[in-house]
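Results of the structural survey
One-letter residues, chain by chain:
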Amino acid sequence: MYVAVKGGERAIDNAHAWLAEERRGDTEVAELSIAQIREQLALAVNRVMAEGSLYDPDLAALAIKQARGDLIEAVFLIRAYRTTLPRFGASHPVDTGAMSCDRRISATFKDLPGGQVLGPTFDYTHRLLDFALAAEGLDVPEAEGGAPSDTQMPHVTGFLAREDLIQPEPEGADTPRDLTREPLDFPADRPLRLQALTRGDEGFILSMAYSTQRGYGRNHPFVGELRIGTVTVEMDIPELGFAIEIGEVVLTECETVNQFTGSKTEPPQFTRGYGLVFGQTERKAISMALVDRALRWEELGEDNVGAPAQDAEFVLYHADNVQATGFLEHIKLPHYVDFQSELELIRRIRAEAMAGQAQEAAE
Amino acid sequence: MSNSTMEGIPQAAARPETEARRARLSTLAKAPAGRLLALWSGWLGGREMPAHDVLRPPEIGTVMVRGRAGATGAPFNLGEMTVTRATVRLAAGAVGHGHVQGRDKDAARVAALIDALCEGGEADALETAILAPLRAEAEAGKRSRLAKAAATKVEFFTMVRGENG
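Residues numbered from 1 in each chain as written. Chains lettered and ligands numbered in written order. Predicted model: local features only at pLDDT ≥ 70, side-chain atom pairs only at ≥ 80, totals over all residues. Heavy atoms only, no water.

1. Here's the deal with the packing of helix H4 (residues 57–66) of chain A against helix H5 (residues 71–82) of chain A
All names here are of chain A. For the pair H4 and H5, the least separation of the axes is 8 Å and the interaxial angle reads 130 degrees. Put simply, H4 runs oblique to H5. Every pair of crossing elements has a handedness; the one defined by H4 and H5 is right-handed. Packed against H4, whose contacting residues are Leu-59, Ala-60, Ala-63, Ile-64 and Gln-66, the element H5 presents Leu-71, Ala-74, Leu-77, Ile-78 and Tyr-81 at the interface. Of the residues assigned to the contact of H4 with H5, the class counts are 9 nonpolar, 1 polar and no charged. (Axes fitted to C-alpha atoms, helices over the stretch in contact; angles between N-to-C directions. Helix = DSSP H or I, 4+ residues; strand = E, 2+ residues; numbered from the N terminus. Parallel < 35°, antiparallel > 145°, perpendicular 65-115°, else oblique. Left-handed = near helix turned anticlockwise from the far one by under 90°. Contact = heavy atoms within 4.5 Å. Nonpolar A, V, L, I, M, F, W, Y, C, P; charged D, E, K, R; others polar.)

2. Notes on the interface of chain B and chain A
Contacts between the two partners involve 60 residues from chain B and, on the opposite side, 82 residues from chain A. Summing both sides of the interface, chain B and chain A together bury roughly 6,400 Å²; the carbon and sulfur share of this comes to 59%. On the chain B side of the interface with chain A, the three residues burying the most area are Arg66(B), Leu78(B) and Glu80(B), jointly 11% of the side's total. Summed over the shared surface of chain B and chain A, the result is 8 salt bridges. Arg145(B) serves as the salt-bridge partner of Asp102(A), at 2.9 Å between the closest nitrogen and oxygen. (Buried area = accessible area lost by both parts, 1.4 Å probe. Salt bridge = Lys/Arg side-chain N within 4 Å of Asp/Glu carboxyl O.)

3. Considerations on unusual backbone geometry
All names here are of chain A. Of note, the amide linkage connecting Phe-186 to Pro-187 takes the cis form, showing an omega dihedral of 0 degrees. Here Pro-187 shows up in the loop between helix H6 (156–162) and helix H7 (190–198). Unlike most non-glycine residues, Arg-127 shows phi in positive territory, near 55 degrees. Locating Arg-127 in the fold gives a position in the loop between strand E3 (100–105) and H6. Residue classification places Arg-127 among the exposed residues on the basis of a relative accessible area of 61%. (Buried < 20%, exposed > 50% of the residue type's maximum accessible area, 1.4 Å probe, protein only.)

4. Remarks on the state of the cysteines
Residue and element names in this part refer to chain A. Across all of its chains, the model carries 0 disulfides over all chains by this definition. The closest cysteine sulfur to the non-disulfide-bonded Cys-101 is located on Cys-254, 13 Å from its own sulfur. For Cys-101, a relative accessible area of 4% translates into the label buried. (Disulfide = S-S within 2.5 Å.)

5. Overview of the packing of aromatic side chains
The full count for this structure, using the stated rule, is 5 aromatic pairs over all chains. Note on Tyr55(A) and Phe278(A): the rings are 5.2 Å apart at their centroids and 75 degrees apart in plane angle, and the pair reads as edge-to-face. With Tyr55(A) in strand E1 (residues 54–55) and Phe278(A) in strand E6 (residues 271–278), the pair connects residues that are 223 residues apart, well separated along the chain. The exposure classification of Tyr55(A) matches that of Phe278(A), with both residues buried. Taking the centre distance of 5.0 Å and the plane angle of 65 degrees together, the rings of Phe186(A) and Tyr317(A) count as edge-to-face. Here Phe186(A) is found in the loop between H6 and H7, whereas its partner Tyr317(A) is found in helix H10 (residues 312–318), with 131 residues between them in sequence. Its end group placed over the ring of Phe88(A), Arg85(B) keeps NZ or CZ at 3.7 Å from the ring centre. (Phe/Tyr/Trp six-rings, centres within 6.5 Å; stacked < 30°, edge-to-face > 60°. Lys NZ or Arg CZ within 6 Å of the ring centre and 35° of its normal.)

6. Comments concerning the sheet that holds E6(A)
All names here are of chain A. Ordered by their spatial adjacency, 4 strands build an open sheet running E3-E4-E5-E6, and the pairing between neighbours is antiparallel. In this open sheet, the two strands that pair with only one neighbour each are E3 and E6. If you compare each strand with its neighbour and ignore which way they point, the axes differ by 25 degrees on average. Examined bridge by bridge, E3 and strand E4 (residues 221–237) share 5 bridges and lie antiparallel to one another. Among the inter-strand pairings, Ser-100 is bridged to a residue of E4, identified as Thr-230. Against the sheet, helix H9 (residues 282–295) contacts E3, E4, strand E5 (242–258) and E6, and its axis sits at roughly 145 degrees relative to E6. (Pairing = 2+ DSSP bridges.)

7. Side note on the packing of helix H3 (residues 42–52) of chain A against H5(A)
All names here are of chain A. Axis separation between H3 and H5 bottoms out at 9 Å; the angle between their running directions is 50 degrees. For the element pair H3 / H5, the angle class is oblique. As for how H3 packs across H5, the hand of that crossing is right-handed. The segment H3 lies against H5, with Ala-44, Arg-47, Val-48, Glu-51 and Gly-52 engaging Leu-71, Ala-74, Val-75, Ile-78 and Arg-79.

8. Structural notes on the domain arrangement of chain A
Residue and element names in this part refer to chain A. Each domain of chain A was delimited in the assignment, giving domain 1 (9–82), domain 2 (96–120 + 151–325) and domain 3 (335–362). Its C-alpha centre places domain 1 at a distance of 29 Å from the equivalent point of domain 2. When domain 1 packs against domain 2, the two sides together hide about 1,400 Å² of surface, and 56% of this comes from carbon and sulfur. Counting the contacts that link domain 1 with domain 2 gives 2 salt bridges. With a closest N to O distance of 3.0 Å, Asp-320 and Arg-79 form a salt bridge. Residue assignment for the side of domain 1 that touches domain 2 shows that the elements contributing at least two residues are H3, E1 and H5. Counting residues per element, the side of domain 1 that touches domain 2 draws most heavily on H3, at 6 residues. Tallied by class, residues from the side of domain 1 that touches domain 2 come to 8 nonpolar, 2 polar and 4 charged. (Domains from an automatic or database assignment.)

9. Focus on the pattern of salt bridges
As enumerated under the stated definition, the model contains 40 salt bridges over all chains in all. A salt bridge links Lys30(B) to Glu245(A); the nearest nitrogen and oxygen atoms lie 2.6 Å apart. Of this pair, Lys30(B) sits in helix H1 (residues 16–30) while Glu245(A) is found in strand E5, placing the two residues in two different chains. Residue class for Lys30(B) comes out partly exposed when judged on its relative accessible area of 27%. Overlapping salt bridges bring together Arg82(A), Arg87(A), Asp178(A) and Glu80(B) as one network.

10. Some thoughts on the confidence of the model for chain B
Caution applies to low-pLDDT parts of the model: their predicted coordinates are not meant to be read in detail. Per-residue pLDDT for chain B averages 90, and the proportion of residues at 70 or more is 90%. At the low end of the mean pLDDT range in chain B sits H1(B), at 94; at the high end sits strand E2 (residues 75–90) of chain B, at 98. (pLDDT = per-residue confidence, 0-100.)

What follows is the structure, given as structure tokens:
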């Protein structure tokens, strides 16, 4: 129960003024610009876009600045802003096969058309702090360029599909369910699950994925392919009567190839998990693919071994960090009346119990 | 693949003028706002903005971006992106629609003006002054990233071990 209490206005105003001052920090230190955050903290920006479910690097950078680097708070700001905007429509599904790839690797085929392209990765770095970065003003030499090949980069799963060695992807409804327009409801079909996973908290999705690797609903994944790059987004424009390319987005896509021995309903073949996330967000995309695969036990006729990652309600109801934060943090708000009634109750019960004990002792 | 089943508007057999407009609007939508405005003011060269009515003032909104499960399967909602759109009509009657990625209202209005001017017969001049440079810059940016990516491509070599090598 909440009761409106007046009297906190001055304290709140002063708290906000102090917050603004603390956000700015030491004024002897130069203020961060939105462009600096966008360009130099790009992976934080990507995470806020993915979990905020809104692709706009400048807005995400602004949210990070406003939130003093608290990324969940920044995601909250983006979600709140998004609700103020009209939606013009939905795009055609993006064609990730036509992605202009910065990075594309496969853990299943060494020699594949288009090759293994590492891109700007942390892999193979030694994870030693680089104190050279602490010295400002150092010029960064431009990275070496090679001769870009015009070879297409076909999806690895396409090779397996040609031999029927991997389960085909069924068609779905042209208009998928949308959890920004209707409350999450169960059973949740795969398109709805994928939407919830791609905007879910990276830490939560990572831990769920990790739990499957450690044996809680194990499904033996290989990273068939991981690709990061730019795709164009096309949308029908009703007043024109045709589709135009409305923009470009950077995406990370992970396709896992999973061992599968067959079931009552399916022949032995590989199965798939799928991750697709805004921005360069590799850990999240791999995690999403593992959790997607774990959640597919029912449609693939597998046993439910009771693993947390197989439980769609558990995973999807707890993946959203804005919802989780809202409910978790509301308990710090005033509950004076609630608590007052609890206090009355415990005093009364306690008094009765003490009186009973005293009477027993007297007898 | 099932990409041929586009929902919504049936994809008309593209007439050349439709294709030209589609290409133009796509270039404008993807252009960095700063570059678009700079090229536009270069094209104006100090002249006044062409006289026009604003049929739809610049409006910021979103487009839900969709993907497909497993890249080829059922469509799903990936998340939204910001888009700004505007519609103008020139004094001579040509109507232009502008859509740009992001939240720049000036860029959306300029995109609509460029579209209207092209519809009104100035397509060749605007192609040279604005659209061709935007396309060239976008292509150069893309080639530069692809070149850097190519330099990180792994060239495997095999080490022969054992006696039967």
